[in-house]
Amino acid sequence: MKDRRVDELIRTLPKERASEEFTSRVLDRLKGETVTKRRGRLILGMATAAVLLAVASVGILRWQQAEKAELREEIATLRAEHQALSEELSRVMEQSARVHPVLYLGGDDRTDYVLDMNKLMRERRRRPHIIPLKYTGGPI
Amino acid sequence: MERLGDAELMGRVKAGDREAFARLVDRYKDAMVNYLSRLTGSRARAEDLAQETFLRLYENRDRYREDGRFSAFLYRIATNLARSEIRREQRRRMLKLVFLPGGNGAGPVENPQSRLLGKEVHRKLAEAIARIPIRFRIPLVLHEIEGRSYLDVAETIGCREGTVKSRISRGRKRLREELSPYFSGGVP
């Protein structure tokens, strides 16, 4: 078959035409799609806002929980420290009540001279009018 | 508004003027339906695709540059839509072939467009065009049926003029092969 015959055939092909309502259909679809898109955008916007809000809320909640946990931990540490200090203090007080403080006055290889402060204090309470002499370095 | 050129009307469309848009639709609707009918081989599908083409045109109105030719811009949209539609149709046929034993899946399906064409020869020609591979069919229809220049076709499908000429030539060869049984008196 010659090319010319194909050309002739193509030329005789009738031109297709759009339907009468073509333009109005396009405009209707355009209107419909615009409204749908606008609605879609609105819904999408609202959904996005809701998701963001939810994410932010969860974030804040978690942050608050983390803060609280940290504070709780700090309080527990302080309490433990306080407890340890209290126990230490009561141990020291107990120990100091048991031990009689003495003042070493001197001595030699055979004898140590010590002053029993508990006894001294007891004496002072019993006889408050007696005032101890001040040692000035002279012979006692 | 009748006298306004395509670029001026598009300028108005960009500003949201729907009357200008309607004018452009009126101006190009027949060309689009004819072009898409030849590409898809179906008058009904062509009408739908042509409507879709104008909707895409409106959606992409901001992409249109006044230095570019409007018709090339519009034909490019239509061509891309038709290409996607034809590929979808090919996939559907493949699936039919796989899932419906007995269906031949090949060749154009009898459609309203075919029935509308009065002359048998026109029906055969339309079917033969629809059987040409899409990369040859598009430039062939644009040039031979729509009467667009090689340069226009090249701009529309985004390739060189030389490539367009070569594809048209190969498309014509395929068309000759498709039609030869009918013209030599053989049984199709």
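Residues numbered from 1 in each chain as written. Chains lettered and ligands numbered in written order. Predicted model: local features only at pLDDT ≥ 70, side-chain atom pairs only at ≥ 80, totals over all residues.

J.: Pulling in residues and values, what's your account of the overall build of chain B?
T.: When helices and strands are counted, chain B shows nine helices and zero strands. Secondary structure elements of chain B, listed N to C terminal, follow the sequence α-α-α-α-α-α-α-α-α. The 188 residues of chain B split such that 37% are buried. (Helix = DSSP H or I, 4+ residues; strand = E, 2+ residues; numbered from the N terminus. Buried ≥ 20, exposed ≤ 12 C-beta atoms within 10 Å, placed from the backbone.)

J.: Go over the overall build of chain A with me, naming the residues and quoting the values.
T.: Along its length, chain A carries three helices and two strands. Helices and strands appear in chain A in the N-to-C order α-α-β-β-α. For chain A, the proportion of its 140 residues judged to be buried stands at 4%.

J.: With reference to specific residues and values, describe the nonpolar core.
T.: Residues and elements named next belong to chain B. Of all hydrophobic cores here, the largest spans 47 residues; its most connected members are Met32, Leu36, Ala50, Ala78 and Ile129. The element best represented in this core is helix H2 (residues 18–40), accounting for 10 residues. When near neighbours in sequence (up to four residues on either side) are disregarded, isoleucine 129 contacts Arg38, Gly41, Arg137, Val141 and Leu175. (Core = buried A, V, L, I, M, F, W, Y, C linked by C-beta atoms within 7 Å. Contact = placed C-beta atoms within 7 Å.)

J.: Quick one: what's the story with helix H3 (residues 43–59) of chain B, residue by residue and with numbers?
T.: Because the α-helix completes a turn every 3.6 residues, residues three or four places apart line up on one side. The first and last C-alpha atoms of H3(B) sit 24 Å apart over 17 residues, in line with the 24 Å expected at 1.5 Å per residue. Of all the positions in H3(B), only Arg43(B), Arg45(B), Ala46(B), Glu47(B), Leu49(B), Ala50(B), Gln51(B), Thr53(B), Phe54(B), Leu57(B) and Tyr58(B) are classed as buried. (Expected span 1.5 Å × (residues − 1).)

J.: Give a detailed account of the pairing of strand S2 (residues 112–116) of chain A, specifying residues and quantitative values.
T.: Residue and element names in this part refer to chain A. Within S2, only zero of the five residues are buried, leaving the element largely exposed. Note that strand S1 (residues 102–107) and S2 share five bridges and pair antiparallel. Note on S2: the bridge partner recorded for tyrosine 104 is valine 114. The turn joining S1 and S2, which pair antiparallel and follow one another in sequence, is formed by four residues. (Pairing = 2+ DSSP bridges.)

J.: Any details on the packing of helix H1 (residues 6–14) of chain B against H2(B)? Residues and values, ideally.
T.: Residues and elements named next belong to chain B. Taken N-terminus to C-terminus, the directions of H1 and H2 make an angle of 140°; their axes are 7 Å apart at the nearest point. Here H2 runs oblique to H1, going by the angle between their axes. For the crossing formed where H1 meets H2, the hand is left-handed. Each of Asp6, Leu9, Arg12 and Val13 in H1 lies in contact with H2, whose residues at this interface are Ala20, Phe21, Arg23 and Leu24. Looking at the contact of H1 with H2, its residues break down into five nonpolar, no polar and three charged. (Axes fitted to C-alpha atoms, helices over the stretch in contact; angles between N-to-C directions. Parallel < 35°, antiparallel > 145°, perpendicular 65-115°, else oblique. Left-handed = near helix turned anticlockwise from the far one by under 90°. Nonpolar A, V, L, I, M, F, W, Y, C, P; charged D, E, K, R; others polar.)

J.: Describe in detail the confidence of the model for chain B, supporting the description with residues and values.
T.: Residues and elements named next belong to chain B. On average, residues of chain B score 82 in pLDDT, and 81% of them reach the 70 mark or higher. Here helix H5 (residues 112–116) stands out as the element of chain B with the lowest mean pLDDT, 47, in contrast to H2, whose mean of 93 is the highest. Ignoring residues within four places in sequence, the model shows residues 113–118, a span with pLDDT below 50, making 12 contacts including any to other chains. The ipTM for the predicted assembly is 0.70, set against a pTM of 0.59. (pLDDT = per-residue confidence, 0-100.)

J.: Which residues make up the interface of chain B and chain A, and what values go with them?
T.: Interfaces are often described in size by the accessible area the parts lose on coming together. Listed per partner, the contact involves 27 residues of chain B and 21 residues of chain A. Among the secondary structure elements, those contributing two or more residues to the side of chain B that touches chain A are H2, H3, helix H6 (120–131), helix H7 (134–145) and helix H9 (161–183) of chain B. Counting residues per element, the side of chain B that touches chain A draws most heavily on H2(B), at nine residues. Class assignment of the residues belonging to the side of chain B that touches chain A gives a composition of 13 nonpolar, five polar and nine charged.

J.: Hey, could you go over the environment of Arg43(B) for me, with residue numbers and the actual values?
T.: All names here are of chain B. Position of arginine 43 among the secondary structure elements: in helix H3. The exposure class assigned to arginine 43 is buried, which follows from the 22 C-beta atoms found within 10 Å. For the pair formed by arginine 43 and valine 33, sequence separation is 10 residues and the distance between their alpha carbons is 7.4 Å.

J.: Go over the packing of H2(B) against H3(B) with me, naming the residues and quoting the values.
T.: All names here are of chain B. Here H2 crosses H3 at 140°, and the two axes come no closer than 8 Å. Considered as vectors, H2 and H3 are oriented oblique to each other. For the element pair H2 and H3, the recorded crossing hand is right-handed. Counted together, Phe21, Val25, Lys29, Met32, Val33, Leu36, Ser37 and Thr40 of H2 and Arg43, Arg45, Ala46, Glu47, Leu49, Ala50, Thr53, Phe54 and Tyr58 of H3 form the full contact between these two elements. For the contact of H2 with H3, the residue count by class is 10 nonpolar, three polar and four charged.

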